[in-house]
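Reading the structure
One-letter residues, chain by chain:
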Amino acid sequence: MPILPIRLFGDPVLVTPSVQVVDFDKELRTLVADLTDTMMDAPGAGLAAPQVGVLLRVFVWDIDEALGHLINPSLDLGEEIQEGEEGCLSFPELRYNTPRSMRVVAKGWNMYGEPITVEGSELLARALQHETDHLDGILFIDRLAKDNRKSAMKEIRESEWFGLANDAGINPQIKVSPHYTFGKGL
Ligand code: ZN
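What this report covers is the structure whose coordinates are included nearby. These numbers come from a predicted model, not from an experiment.

**Description of the packing of aromatic side chains**
Applying the stated criterion to the full structure yields 5 aromatic pairs. Seen in terms of ring centroids, Phe9 and Phe91 are 4.9 Å apart; in terms of plane orientation they differ by 20°. Their pairing is stacked. Of this pair, Phe9 sits in the segment before helix H1 (26-41) while Phe91 is found in strand E6 (residues 91-97), placing the two residues 82 residues apart along the sequence. For Phe91, a relative accessible area of 1% translates into the label buried. Ring geometry for Phe91 and Trp161: centres 6.3 Å apart, planes at 90°, overall edge-to-face. Of the two residues, Phe91 is situated in strand E6 and Trp161 in the segment after helix H3 (146-158); the sequence distance between them amounts to 70 residues. An aromatic cluster is built from Phe9, Phe91, Phe140, Trp161 and Phe162, whose rings are joined through pairwise contacts.

**Focus: the sheet that holds strand E3 (residues 66-77)**
Hydrogen bonds between backbone atoms are what pair the strands of a sheet, whose relative direction is either parallel or antiparallel. Within the open sheet, the 5 strands sit side by side as E1-E2-E3-E8-E9. Their pairing is antiparallel. This sheet does not close on itself; its edge strands, each paired only once, are strand E1 (46-48) and strand E9 (115-121). The sheet shows a mean angle of 40° between the axes of neighbouring strands, taken without regard to direction. Pairing of strand E8 (residues 103-109) with E9 involves 7 bridges; the strand directions are antiparallel. Residue pairing across strands places Val104 opposite Gly120, the latter belonging to E9. Set on the sheet, H1 makes contact with E1, strand E2 (58-63) and E3; between it and E2 the angle comes to about 40°.

**Brief notes about the coordination of the zinc ion**
At the metal site, the zinc ion is ligated by Cys88 (SG), His130 (NE2), His134 (NE2) and Leu186 (O), and these contacts range over 2.1 to 2.4 Å. Taken together, the 4 donor atoms coordinating the zinc ion and their angles of 97 to 136° define a geometry best described as irregular. Summarised as a motif, the one-chain spacing of the donors to the zinc ion is C-x41-H-x3-H-x51-L. One end of the pair, His134, is in helix H2 (residues 122-135); the other, Leu186, is in the segment after H3, with 52 residues separating them in the sequence.

**A short note on the environment of Asp62**
In this structure, Asp62 sits in strand E2. Asp62 gets classed as buried once you look at its relative accessible area, which sits at 14%. Residues Asp62 and Leu186 lie 124 residues apart in sequence; the distance between their C-alpha atoms is 9.4 Å.

**Considerations on the pairing of strand E5 (residues 85-88)**
As paired elements, E5 and E6 share 3 bridges and run antiparallel to each other. Residue pairing in the sheet places Glu85 in a bridge with Asn97 of E6. Between E5 and E6, which pair antiparallel one after the other, the connecting turn spans 2 residues.

Procedures and definitions
Residues numbered from 1 in each chain as written. Predicted model: local features only at pLDDT ≥ 70, side-chain atom pairs only at ≥ 80, totals over all residues. Heavy atoms only, no water. Phe/Tyr/Trp six-rings, centres within 6.5 Å; stacked < 30°, edge-to-face > 60°. Helix = DSSP H or I, 4+ residues; strand = E, 2+ residues; numbered from the N terminus. Buried < 20%, exposed > 50% of the residue type's maximum accessible area, 1.4 Å probe, protein only. Pairing = 2+ DSSP bridges. Axes fitted to C-alpha atoms, helices over the stretch in contact; angles between N-to-C directions. Contact = heavy atoms within 4.5 Å. Donors = N, O, S within 2.8 Å, 3.2 Å for Na, K, Ca; no water. Tetrahedral: all angles 85-135°; square planar, octahedral: opposite > 155°, others 65-115°.

Okay, here's the thing in structure tokens:
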């Protein structure tokens, strides 16, 4: 399976809302397989289709030794909030405390078009929220407290990868550092 280039912050595809999947066909199953392979190669804890330039409501995760995927998700967020560092494969090496709901019930479909429900807490809940945000063109820096967002933007501007996003065909190989998500971005 091909490993796809991961789009970096600055690429307009990351802030464009994705459309619902209509055809649960072989092409969709190939996309899920390619997303999974690309995520595991990175390595990452989650990856959404827009991060590889595909504007479809599909994402995958690899959390607690379990692979999963969800299509056309809708989330029911618990009221309790968790704090904790979060990263994203589209922002190499960037880590910031990002408040998220502690518990999530996600409904959607698997790649065979069967309805599924995924209940997650802690890291899985964080990933489900992070990846669903990607499908709406929302990035984790949008969820940061004001001061953190300001320092994140400064860090991004000073990073070695910033500005590479729009150079077609360039996929900088930057590995993420160890961290709360076991060194994996989302
Ligand atoms: Zn991400």
